[in-house]
Amino acid sequence: MAAEPAAHASTGELRYPAGSLVMLTGLPGAGKSTLLRRLYGIRGDETRPVAGDGVLVIDTYQARNWWSRYLSPLPARVQTPFVHATHVWRIAKAVSGGRSVVAHSRGTWPHILYGFAWFAHRYGAQMHLVMLDVEPRVAWAGQHTRGRVVTAATFVRHCRRWRVLVRQARTGRVAHADGVTVLSRPDADRVHAIRFGRPGPVPAETVGGT
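Our subject in this report is the structure included herewith. (Residues numbered from 1 in each chain as written. Predicted model: local features only at pLDDT ≥ 70, side-chain atom pairs only at ≥ 80, totals over all residues. Heavy atoms only, no water.)

### Comments concerning the overall build of the protein chain
Move 1: Helix and strand content of the protein chain: 7 helices and 9 strands.
Move 2: For the protein chain, contacts bridging at least 24 residues in sequence account for 77% of all contacts bridging at least 6.
Move 3: A total of about 10,600 Å² of accessible surface is found on the protein chain, and carbon and sulfur atoms cover 56% of it. (Helix = DSSP H or I, 4+ residues; strand = E, 2+ residues; numbered from the N terminus. Contact = heavy atoms within 4.5 Å. Areas by Shrake-Rupley, 256 points an atom, 1.4 Å probe, with all protein chains shown as cover.)

Spelled out as structure tokens, the structure:
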């Protein structure tokens, strides 16, 4: 099933069916966590997902904070698998429980997005992408601002994969998503809410699936 060609936000509100999984994606440093904190009033020191306005907000920093009390003496490369496994588990648990979810994603990994879409469809939900598309130099500066910087080689790989995803989104070829919205930085600054309404139809290929 192909997604609709990507839409650009023209209003300050994004709406999705109740029970959907909305993945906020973008380059490292693009401003994903900043957007979630502004929309939901979260502080950044939480260790668990945050419930608010009928939605569960799941950001990777929550898992990172939770593990920091146990793993802080270890190098970041050792901590990362624990953090991301916990983040994925929390999203899966919320989706399987029928929750409306907005989640931070390392969106340059297509197979991760495909996996989330498969899981959401398995439970009769939809998976939508919100792609925060900023210039690489802006994302690179954002990493330095937050104090967590990936290596230059890793960032180049992220940029290469991101360009492919954005190109696919604009032609409706992101087959794992039920819908895609691309936000520039000014678009993101205008968004004041992500809301969930009535449940949407279950994708046809998942009805009766095992």
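### Describing the packing of helix α3 (residues 76-96) against helix α4 (residues 110-122)
Move 1: At their nearest, the axes of α3 and α4 sit 9 Å apart, and the two run at 25° to each other. In terms of their interaxial angle, α3 and α4 are classed as roughly parallel. Along this stretch, α3 crosses α4, giving a crossing that reads as right-handed. Residues Val88, Ile91, Ala92, Val95 and Ser96 of α3 lie in contact with α4, whose contacting residues are Phe116, Phe119 and Ala120.
Move 2: Among the residues making up the contact of α3 with α4, the classes are represented as 7 nonpolar, 1 polar and no charged. (Axes fitted to C-alpha atoms, helices over the stretch in contact; angles between N-to-C directions. Parallel < 35°, antiparallel > 145°, perpendicular 65-115°, else oblique. Left-handed = near helix turned anticlockwise from the far one by under 90°. Nonpolar A, V, L, I, M, F, W, Y, C, P; charged D, E, K, R; others polar.)

### With respect to helix α2 (residues 60-71)
Move 1: Compared with an ideal rise of 1.5 Å per residue, which puts 12 residues at 16 Å, α2 spans 15 Å between its outermost C-alpha atoms and is within 8% of the ideal.
Move 2: Those residues of α2 that fall on the buried side of the exposure criterion are Thr60, Tyr61, Gln62, Ala63, Trp66, Trp67 and Leu71. (Expected span 1.5 Å × (residues − 1). Buried < 20%, exposed > 50% of the residue type's maximum accessible area, 1.4 Å probe, protein only.)

### Brief notes about the side chain of Asp178
Move 1: Along the polypeptide, Asp178 turns up in the loop between α6 (152-170) and β8 (179-183).
Move 2: Although buried, Asp178 forms no salt bridge, and the nearest oppositely charged side chain, Arg122, lies 15 Å from it.
Move 3: A polar contact of 2.8 Å, which involves the side chain of Asp178, links it to the side chain of His121. (Lys, Arg positive; Asp, Glu negative; His and termini not counted. Salt bridge = Lys/Arg side-chain N within 4 Å of Asp/Glu carboxyl O. Polar contact = N/O pair within 3.5 Å; in protein donor to acceptor, adjacent residues only side chain to side chain.)

### Description of the nonpolar core
As a rule of thumb, nonpolar side chains are buried together in soluble globular proteins.
Move 1: Ranked by size, the top nonpolar core spans 52 residues in total, and within it Leu21, Met23, Tyr40, Leu129 and Met131 carry the most contacts.
Move 2: Residue contributions to this core peak at 6 residues, all from α6.
Move 3: Among residues more than four places away in sequence, those in contact with Met131 are Thr25, Trp162, Leu165, Val166, Ala169, Val180, Thr181, Val182 and Leu183.
Move 4: Counting 5 residues, the second-largest nonpolar core is a separate cluster that includes Ala63, Trp66, Trp67 and Val83. (Core = buried A, V, L, I, M, F, W, Y, C linked by side-chain atoms within 4.5 Å.)

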